[in-house]
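Take a look at the letters that make up each chain.
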Amino acid sequence: MSILIYLLGYIAVIAFLISVIHRVVSYIKQPMHVRWELYPVAHEGKRAAHGGSYLEDVDWWKKKREKSLIGELKVMIPEIFFLKAVWEHNRPLWLSTYAFHLGLYLICGFLGLLMINVFAQIIGCTENCLVLTVSPLMIFMGGAGIVLCLVGSIMLFQKRLNEPELREYSGTDHYVNLGMFIVSMSISLITWLFVDPKFIMARDFIVNMIQFNFTPIPNNLFGLQMILAFILFAYIPMTHMSHFFMKYFLYHDIRWGDEPNVNNLKVQAHIGSVLNYPVSWSASHIAGHGKTTWAEVATFNPVAQPES
Amino acid sequence: MNANKKLSINDVSKDTEKLTSVKPEDLMSLPSWNVKEEDWKPISEDLKEKYVCILDDTLILPVPKPKTIQEEEALVNQFIEGMRKLFTKENNWTFLQILETTMNHCARCNTCSDACHLFEASGRNEMYRPIYRSEIFRRIYKTYVKKEPFAKWRYGDLELNWRTVARLGEMAYRCNICRRCAQTCPIGADNALVAREIRKIFSQEMGITVPELHEKGSMLQLEKGSSTAMTKLVVKDNVEFIDEDFSEETGFEIETPWDVEGADILLIHNAGEILAWPENIAAFSIIFKAAGLSWTLSSDLAAYDSINYGVFYDDVQFARTALLQAQAAKKLGVKKIVLGECGHAHKALTVIADRVLPEELNVPRESCFPLLRDIVMSGKLKLDPSRNNFPVTIHDPCNLTRLMGIIKPQRDILNKICPQFREMHPHGAHNYCCGGGSGYAIMSRNTIPEWRFKVAGRKKLEQILNAFSDSRGPEQKKYVCAPCSNCKGQLRDVFEHYELLEKESLIYNGLVELIVNAMVDVNPGYVKWEEE
């Protein structure tokens, strides 16, 4: 049984990576969309304060564009770490979704510290090794993360189930996703409280995984926790929760995608390519004129009058 | 509780006379407002016989009523075929990335709901909730096009029948595509785009379009040169009349230049201004002459009318129009195209066309507002702000502000020439749509005007009344600066319907009119409160 859990761990990591790569590559491989930005665009620097753009200048194409990384960070940090948009526009949902997300962030932080401990152990550090002094923080982040994620997912489940405005738009996928978190985090909480309060089993398990050392898992509850965690880990990027990484494109490429086509060879090559795509729309103003590509269709005037 | 708030997604497929109705008592209340709204006028039996009228009390998209089971099936099959094409890169390279990410990542959390002026104005009618429409579209896509495993179970079942399709098409025209909902989305999903993409399926695949946008809009522009049906000869004649009339009235001699090769600027107006607001055309000519600019209009096909209704419903029509406008600029050899006061034209040619125009047609394009700001600030015009000493507020056209970030130039001008300028709240990138956005301002069939007044334009009316809360009533003349032809069309009809000139001494017009009104080289009284 232990070997199967280790095997599930490898499968989960591979599935996770494949799902993430698949989503990102699928997005990138699609043709570049037309510009459809929404203001305020965060990297506009000083102008972002009033929602302005470089288009506020005469002869904007002759001027050097200023893109402010700090401006982006000023928007991204409150959005990522405090869910600012939900706070501003959907306050009743904020507490539950923030608890859930903060829990996840803490768990991510916990995993980061756990991996430091794992590698410290692999390279031979003892329990007194400097790197292991992060353990109290790791234990706090792990414990708090599990509790918050559990509380948040229960609150979200309850809201989706009981609030008519959310219930109408909640599919089984929502309940399954949240249910998986509730079950997984409940087991994790019990494991943390009663079986592995210092996450030593967790550390040892990952060390064993990395070293392909399939030592029997010392506790059944811990084994169950790992099974659920691996399933959840593999499952998340297959769902709409993949927004945790796709949000990069939704913000940077779409909402803030204001890159103008000024001596932009990449965009010009793209336009040259897409205008040669075949068009198969059936409406009479598009089809039926013997025009088959976008270039042909777009330069054809179906109602052109002879020049008088 | 309002019964409409209980509307469920599955109701869209049901055999009911209509999906919903916004009753007068449901409407959002307005400040110090004693106008009693009437119930909807009924849609005529003739229309009901010809077209599917089962959404609410209005008919915008004329979907022919299927008479047989075969016709019902054909409607569904055509729609599904169109949706398949919509999710192919060949047919929808323009928006596929954005649409697909919205389909896959919307959390259906309702964060966008309160941002929608239609949802608010209708008394939170469920049909206007931005994700109501999107969720129907998403369920059809996941189940019938993408065919995801267990899609019905995962996302929710939805019966796909002709009613679903017809109602979804009509529902795509219950959105101004102002994208205020998208602005609030924590994830970055764009439910307004979904409305536009549904319109595309109906137009590009099914050949079902709104006549004002298609036959009398983009097709007329491709045929005659303008959606106003003005040919090049007529438009030149009309502008000549404008030059004569306003030269006499203002005492400032103007002669609008046409087809000047090698001019610095090709100015493209919304041709609707020429017929409905000639003072806007004249004001540009006066300002540009006074500033000593080298500029011209073009009489080439589609190049004397900046409108591009394709933005609202059809990518092919969009591309055709943008290409013609760029070709005209290339032919004249101008240094740049400047867009007049028309929001969607700004967005279409300056931004969206940026990834459509091939290199040889990529003539630089800019808004008129930064140019006007530089002119006003340069001191080239002698201006007397006391001529504009009345309360002025500005309506921000969505296309200019939220979708292009052109916000400050207009304010720099108003702050300089209008002593009583005040903002609406919210404004700038967070503004509310006028209610005419995405084409409604030019529609006046059946009960469409009623819908524009009662629902679509209600939030803007509230904002206007609030902006002038210190000067309500007919005694104080007030001015809403709406620097967009489409928005002016909406405000014109709303103001007329509610008699705001009579009751509130409230008028609307553009920005250039205020500039000319302040010019000391021009006879006083360019801005008028009465017909003269």
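Residues numbered from 1 in each chain as written. Chains lettered and ligands numbered in written order. Predicted model: local features only at pLDDT ≥ 70, side-chain atom pairs only at ≥ 80, totals over all residues.

## Remarks on the overall build of chain B
Rule in force here: Each helix corresponds to a stretch of at least 4 residues labelled H or I by DSSP, and each strand to a stretch of at least 2 residues labelled E; elements are numbered beginning at the N terminus. Every radius of gyration here is taken over C-alpha atoms, with the globule rule written as 2.2 Å times N^0.38, N being the number of residues. Exposure in this text rests on C-beta crowding, where 20 or more other C-beta atoms within 10 Å of a residue's own make it buried, 12 or fewer make it exposed, and counts in between make it partly exposed. The C-beta atoms are placed from the backbone. It is the C-beta atoms, placed from the backbone, that decide contacts: two residues are in contact if theirs lie within 7 Å.
The number of helices and strands found in chain B is 24 helices and eight strands. The C-alpha atoms of chain B give a radius of gyration of 23 Å, which matches the 24 Å a tight globule of 532 residues would have. Projected onto its principal axes, the C-alpha coordinates of chain B cover approximately 70 × 55 × 45 Å. Counting over 532 residues, chain B shows a buried share of 63%. The contacts of chain B with a sequence gap of at least 6 include a subset with a gap of at least 24, amounting to 78%.

## Observations concerning the overall build of chain A
A count of helices and strands for chain A gives 12 helices and zero strands. Shown N-terminal to C-terminal, the secondary structure of chain A runs as helices and strands in the order α-α-α-α-α-α-α-α-α-α-α-α. Taking 308 residues into account, the globule formula puts the C-alpha radius of gyration at 19 Å, and chain A, at 26 Å, lies well above it. Burial statistics for chain A: of 308 residues in total, 35% are counted as buried. Counting contacts in chain A only where the partners sit at least 6 residues apart, residues at least 24 apart contribute 66% of the total.

## Section: the interface of chain B and chain A
To keep things clear, this is the line we draw: Put simply, Ala, Val, Leu, Ile, Met, Phe, Trp, Tyr, Cys and Pro go in the nonpolar bin, Asp, Glu, Lys and Arg in the charged bin, and everything else, Gly too, in the polar bin.
The partner chain A presents 71 residues to the 73 residues of chain B that form the contact. Each residue belonging to the side of chain B that touches chain A can be placed in one class, and the counts come to 33 nonpolar, 22 polar and 18 charged.

## Description of unusual backbone geometry
For the peptide bond that leads from Tyr39(A) to Pro40(A), omega is 5°, which places it in the cis range. Tracing the sequence through the fold places Pro40(A) in the loop between α1 (2-29) and α2 (69-82). If you check the backbone angles, Asn263(A) has positive phi at about 50° while not being a glycine. Examined against the element boundaries, Asn263(A) turns out to sit in the loop between α10 (243-255) and α11 (265-274). The backbone phi angle of Asn110(B) is positive, close to 70°, even though this residue is not glycine. Along the chain, the position of Asn110(B) falls in the loop between α4 (96-105) and α5 (117-121). For Asn110(B), a count of 19 C-beta atoms within 10 Å puts it in the partly exposed group.

## Some points on the sheet that holds strand β1 (residues 265-268) of chain B
All names here are of chain B. For clarity, the cut-off: Should DSSP find at least two bridges between two strands, the strands are regarded as paired. All axes are obtained by fitting lines to C-alpha atoms, using only the stretch in contact for helices, and the reported angles, taken between N-to-C directions, cover 0 to 180 degrees.
On the basis of which strands lie adjacent, the open sheet formed by four strands has the order β2-β1-β3-β4 and parallel pairing. Of all the strands in the sheet, the pair left with one neighbour each is β2 (295-296) and β4 (365-367). Two strands pair when backbone bridges link them, and β1 and strand β3 (residues 336-339) are joined in this way by four bridges, in the parallel orientation. Pairing of leucine 266 across the sheet is with isoleucine 337, part of β3. Relative to the sheet, helix α18 (residues 368-378) contacts β3 and β4, its axis offset from that of β4 by approximately 60°.

## Section: helix α9 (residues 220-235) of chain A
All names here are of chain A. To be explicit about the condition: Expected helix span is given by 1.5 Å per residue-to-residue step, counting one fewer step than there are residues. The arc in question is traced by the directions running from the helix axis to the C-beta atoms.
Taking 1.5 Å per residue as the helical rise, α9 with its 16 residues ought to reach 22 Å, and the 23 Å between its terminal C-alpha atoms agrees with that figure. All of the buried residues in α9 are Phe222, Gln225, Met226, Ala229, Phe230 and Ala234. All buried residues of α9 lie within an arc of 155° about the axis, which places them on one face of the element. At its buried positions, α9 is contacted by α1, α7 (172-194) and α8 (200-210).

## Here we look at the nonpolar core
Residue and element names in this part refer to chain B. Selection criterion: In these notes, a nonpolar core means any group of buried Ala, Val, Leu, Ile, Met, Phe, Trp, Tyr and Cys residues linked to one another through C-beta atoms within 7 Å.
Among the nonpolar cores identified, the biggest contains 213 residues, and Leu266, Ile287, Ala322, Leu372 and Ile515 are the most heavily contacted of them. With 10 residues, the single largest contributor to this core is helix α16 (residues 315-332). If sequence neighbours within four positions are ignored, isoleucine 287 has contacts with Leu372, Ile375, Leu381, Val512, Ile515 and Val516.

## A closer look at the confidence of the model for chain B
Threshold: Confidence per residue, as judged by the predictor, is encoded in pLDDT with a range of 0 to 100.
Mean pLDDT for chain B: 96, with 99% of residues reaching 70 or above. Interface scoring of the predicted complex returns ipTM 0.95; its pTM is 0.96.

## With respect to the domain arrangement of chain B
All names here are of chain B. Threshold: These domain boundaries are the output of an automatic or database domain assignment.
For chain B, the assigned domains read domain 1 (3-205), domain 2 (214-372) and domain 3 (382-518). Look at where the C-alpha atoms of domain 2 and domain 3 centre, and you get two points 22 Å apart. Taken together, the contact between domain 2 and domain 3 spans 24 residues of the former and 25 residues of the latter. Elements that contribute at least two residues to the side of domain 2 that touches domain 3 include exactly α13 (271-276), α14 (278-291), α17 (343-351) and α18. Residues of the side of domain 2 that touches domain 3, tallied by class, amount to 12 nonpolar, eight polar and four charged.

## Overview of the pairing of β3(B)
All names here are of chain B. What counts, and what does not: For crossovers, right-handed means that the path from the first strand over the helix to the second runs clockwise, given strands pointing away from the viewer.
Summarising the sheet, β3 and β4 pair through three bridges and their orientation is parallel. Each bridged residue has a counterpart across the sheet, and for leucine 339 the counterpart in β4 is serine 367. Handedness of the β3-α17-β4 crossover: right-handed.

## Section: the confidence of the model for chain A
Confidence in the prediction of chain A, expressed as mean pLDDT, is 94, and 97% of residues score 70 or more. In the model of chain A, α8(A) stands out as the element of lowest mean pLDDT, 93, in contrast to α7(A), which has the highest, 97.

## With respect to the environment of Val13(A)
Residues and elements named next belong to chain A. For valine 13, the location among the structural elements is in helix α1. The partly exposed category is assigned to valine 13, around which 14 C-beta atoms lie within 10 Å. Put simply, valine 13 and phenylalanine 233 are 220 residues apart on the chain and 7.5 Å apart in space, counted from C-alpha to C-alpha.

## Quick word on the packing of helix α5 (residues 135-162) of chain A against α7(A)
All names here are of chain A. What counts here: If you view the pair so one helix is near and one far, a crossing is left-handed when the near helix is turned anticlockwise from the far one by less than a right angle, and right-handed when it is turned clockwise.
Interhelical geometry of α5 versus α7 gives an angle of 150° and a closest axis separation of 9 Å. The two elements α5 and α7 cross, and the hand of that crossing is left-handed. On the side of α5, the interface is formed by Gly142, Gly143, Ile146, Val147, Cys149, Leu150, Ser153, Ile154, Leu156, Phe157 and Arg160, while α7 contributes His174, Tyr175, Leu178, Gly179, Phe181, Ile182, Met185, Ser186, Ser188, Leu189 and Trp192. The residue makeup of the contact of α5 with α7, split by class, is 14 nonpolar, seven polar and one charged.

## Let's talk about the sheet that holds strand β5 (residues 392-394) of chain B
Strands sit in the order β6-β5-β7-β8 (chain B) across an open sheet of four strands; the sheet is parallel. Sheet topology places β6 (421-422) and β8 (506-509) of chain B at the edges, where each strand pairs with a single neighbour.

## Quick look at the packing of α10(A) against α4(B)
Packing of α10(A) against α4(B) leaves a shortest axis separation of 11 Å and a crossing angle of 150°. In the packing of α10(A) onto α4(B), the handedness of the crossing is left-handed. The segment α10(A) lies against α4(B), with His243(A), Met246(A), Phe249(A), Leu250(A) and Ile254(A) engaging Ile98(B), Thr101(B) and His105(B). In terms of residue class, the contact of α10(A) with α4(B) is built from five nonpolar, three polar and no charged.

## Let's talk about the pairing of strand β7 (residues 478-481) of chain B
Taken residue by residue, a regular strand's side chains alternate between the two faces of the sheet. All names here are of chain B. Taking every second residue as pointing to the same face, both faces of β7 are buried, with Lys478 and Val480 on one and Tyr479 and Cys481 on the other. Here β5 pairs with β7 via three bridges, running parallel. Among the inter-strand pairings, isoleucine 394 is bridged to a residue of β7, identified as cysteine 481. In this structure, β7 lies alongside β8, joined through four bridges in parallel fashion. If you follow valine 480 over to β8, its bridge partner there is tyrosine 508.

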